[in-house]
Amino acid sequence: PPTAQLRSLAARRSALRRVARAVGPVARPGAAAPLPPSRSMLPIKKEEIADLAAPGTPQRASPGTPPRRTLRNLDKNFSDPKEPDSKRPRRDSSARPELSDPKQPDLKRQQQRAAAAEADAAKEVEFCAELDRYGVSKASRGSLLPLLRQWGPARTAQILGLWTFLGDGVSRTPASSCTQVWGPAGSGKTAIVSSFLKGMGIRHLWLDCACFVSLGELQARLAEELRRLVVAASTAAKVATPKELQQRVPPGRQLRALDRLEAVMRPSLGHLASMALAPGSGGSPTASRVTVVLDHAQELPRISAGALEALLSLPEVLQCGSQLSLVFVSRLPLSNLGVLHAREPPSVAFAPYSAAETEALLFAVLSRSAEAEAPGGEAMVVPSEGEVRTLCSSGLMKFAAPFLGHNLHDLLRIGEEVLRKPTSIGASMATLQKDVEQLVQQRQGLPDLSGLLEKPEQLDNATAASTAAMRNMTKAEKRVVLSAYLATRIDKEHDMQFFMPEGRKRQRRRQGTGAKKKNAVVDDIPAFLRPPRAVPLARLLAIYHRLARQPQLLGPPLLEQLMNLREAGILRFAGDRAATLDRDPKIVCRAELPLARACAAELNVDLAEYLCSST
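Quick caveat, the model's predicted, so the values are computed rather than measured.

Criteria and cut-off values
Residues numbered from 1 in each chain as written. Predicted model: local features only at pLDDT ≥ 70, side-chain atom pairs only at ≥ 80, totals over all residues. Heavy atoms only, no water. Pairing = 2+ DSSP bridges. Helix = DSSP H or I, 4+ residues; strand = E, 2+ residues; numbered from the N terminus. Axes fitted to C-alpha atoms, helices over the stretch in contact; angles between N-to-C directions. Buried < 20%, exposed > 50% of the residue type's maximum accessible area, 1.4 Å probe, protein only. Contact = heavy atoms within 4.5 Å. Parallel < 35°, antiparallel > 145°, perpendicular 65-115°, else oblique. Left-handed = near helix turned anticlockwise from the far one by under 90°. Nonpolar A, V, L, I, M, F, W, Y, C, P; charged D, E, K, R; others polar. pLDDT = per-residue confidence, 0-100.

A. Seen up close, the sheet that holds strand β3 (residues 290–295). Pairing is parallel in the open sheet, where 5 strands are placed in the order β2-β3-β4-β1-β5. Across the chains shown, the open sheet's two edge strands, defined by having one partner strand only, are β2 (204–208) and β5 (347–349). For this sheet, the mean inter-axis angle between neighbouring strands, taken without regard to orientation, is 20°. Here 3 bridges tie strand β1 (residues 178–182) to β5, and the two strands are oriented parallel to one another.

Spelled out as structure tokens, the structure:
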């Protein structure tokens with residue numbers, strides 16, 4: 001019926017209107033896009049009016065719209081606490097102190113001081129335990145403890161060994177008339193013996209055996225030093241000095257005979273004994289004794305074959321010898337210097353410092369001397385604690401110790417020189433390495449040779465020495481040096497191969513398989529590392545002619561150039577024997593690889609072709 005049709009058409013029209021409202025107007029082809037309907041043109045429902053009336057209420061999204069992502073609300077300041085994130089674990093801020101805390105440096109210093117105090121207390125307990133083990137009296141502990149604190153646990157056994165054999169200078173007398181102290185260079189022998197004798201108040205005198213050329217000169221110096229010591233003691237005690245002690249031993253005088261030595265030493269030792277027995281002197285049993293320290297005792301065999309035996313027997317053969325105590329300080333035990341084991345005195349051995357002990361001692365000594373003035377009056381650069389530690393660990397132990405070992409004497413001198421340079425403190429590692437290596441070369445007797453160059457260039461010592469040596473050399477002399485270097489480093493069996501290329505095939509055919517067996521025995525050492533061998537003069541001249549590529553060059557000028565190189569020390573005649581008709585002189589080349597390389601470069605000769613092919 002028509003009424004039903006009208007109702008269905010109205011329903012379809014209302015549905016289409018709803019769809020048009022949701023989708024929006026569709027642009028016809030060729031027509032301009034219509035403007036989207038405004039919110040005011042659409043009918044508003046009661047629910048939407050209620051939602052708009054409530055402020056802060058989120059609006060409802062249209063059907064099919066994905067849910068909006070919720071963001072975390074941030075506070076106004078970044079330093080305010082944020083909401084915890086469950087996906088990211090947070091660090092505990094209480095585990096470490098805040099960097100902005102102004103009390104942190106003071107707290108750190110207090111912790112360091114507390115740790116240092118605990119370490120010192122532990123060392124003090126260890127020192128007391130060692131003193132109890134050695135049975136040191138309370139009177140001697142007051143003098144020994146400062147020495148133990150100064151040198152640390154690494155030298156506790158050596159200091160107590162000196163106390164055992166030399167006494168304490170008051171109540172304990174020396175246990176032996178002779179004592180030897182030996183150890184490697186830089187292990188602290190001289191410094192510890194000197195500080196022990198001064199700290200304990202033991203009367204002593206010091207002699208350096210390296211400064212004497214004969215035993216008579218050493219004994220004369222011993223008598224003169226003893227006289228000066230007794231005169232100084234008499235002046236300090238306000239006692240009149242005898243007339244025979246007022247005359248000094250003439251300089252240059254030698255006392256070889258024992259009777260003359262005893263005649264010179266008897267007045268000094270006798271006056272010292274009378275001063276010890278005088279009323280008011282205290283009556284100490286060690287007041288009349290004198291300790292004689294012979295430093296660098298390893299030089300005594302150079303002075304005389306029987307110097308060691310003569311000095312060891314002085315306390316026994318002299319009438320007043322009981323007042324003498326001899327201490328031999330050397331790098332080797334006396335048994336290695338020719339003394340019999342039965343005659344060898346008791347020893348105090350100084351073991352070399354370890355790397356950790358060396359670094360700790362360097363840091364302690366350089367830290368104390370950093371604020372002191374240099375001997376010349378120039379103040380050192382005052383570095384920080386971190387800079388001194390960097391100098392010791394990364395500078396001295398890394399660049400100086402591989403060449404000098406753990407020699408504290410040399411390492412301390414190098415460290416002090418570095419502290420005197422303002423450009424080295426706080427500079428880069430390359431600058432520190434250059435300064436330390438330069439000082440190491442000076443300590444080893446290898447100065448900087450770059451000053452010999454005409455133009456200031458940054459060259460190593462080997463290149464600078466080679467350049468300076470070639471400055472006044474002629475082309476013929478350079479060819480002679482190169483010929484001598486090749487002749488002394490290359491086997492004569494390879495001369496045909498290197499210097500006569502047309503004979504290679506004939507040599508291979510003649511040797512055959514026998515050459516392989518012979519060459520298999522040859523060492524694999526490169527030619528430039530082999531020691532030079534003496535070569536006949538005829539072979540050297542033959543190689544010279546092949547390098548010059550000119551025949552008949554032998555003449556007076558060439559022989560004169562050979563003699564000039566011999567006087568310069570580059571060439572040496574084996575045995576320095578004159579040439580005869582039946583004997584060809586042999587020559588040894590003393591030039592090293594840098595000089596040979598420089599000569600080859602001047603002569604346009606490929607040195608690597610000869611040296612690398614001969615191995």
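B. Summary view of the environment of Lys478. Looking at the secondary structure, you find Lys478 in helix α17 (residues 475–489). On the basis of relative accessibility, which here comes to 11%, the residue Lys478 falls in the buried class. If we ignore the near neighbours within four places in the chain, the residues touching Lys478 are Met470, Met473, Cys599, Glu602 and Leu603.

C. Spotlight on the packing of helix α13 (residues 385–404) against helix α15 (residues 429–443). Viewed as axis vectors pointing N to C, α13 and α15 meet at an angle of 40°, and their least axial separation amounts to 10 Å. On the basis of the axis angle, α13 is oblique to α15. Between α13 and α15 lies a crossing whose hand is right-handed. Contact residues: Thr390, Leu391, Ser394, Gly395, Phe399, Ala400, Phe403 and Leu404 in α13; Met429, Leu432, Gln433, Val436 and Val440 in α15. Looking at the contact of α13 with α15 residue by residue, the classes come out as 9 nonpolar, 4 polar and no charged.

D. Broad picture of the sheet that holds strand β8 (residues 586–589). One open sheet accounts for 3 strands, arranged β6-β8-β7; its pairing is antiparallel. Each end of this open sheet is capped by a strand with a single partner; those strands are β6 (535–536) and β7 (571–573). Where β7 meets β8, 3 bridges bridge the pair, whose relative direction is antiparallel. Paired with Phe573 across the strands is Ile587, a residue of β8. α17 rests against β6, β7 and β8 of the sheet, and its axis sits at about 100° to β8.

E. Representation of the confidence of the model for the chain. Of all residues in the chain, 73% have pLDDT values of 70 or greater, and the mean over the chain is 78. For residues 44–57, every residue scores under 50 in pLDDT, and the model assigns this stretch 5 contacts once sequence neighbours within four places are set aside. For residues 91–100, every residue scores under 50 in pLDDT, and the model assigns this stretch 1 contact once sequence neighbours within four places are set aside.

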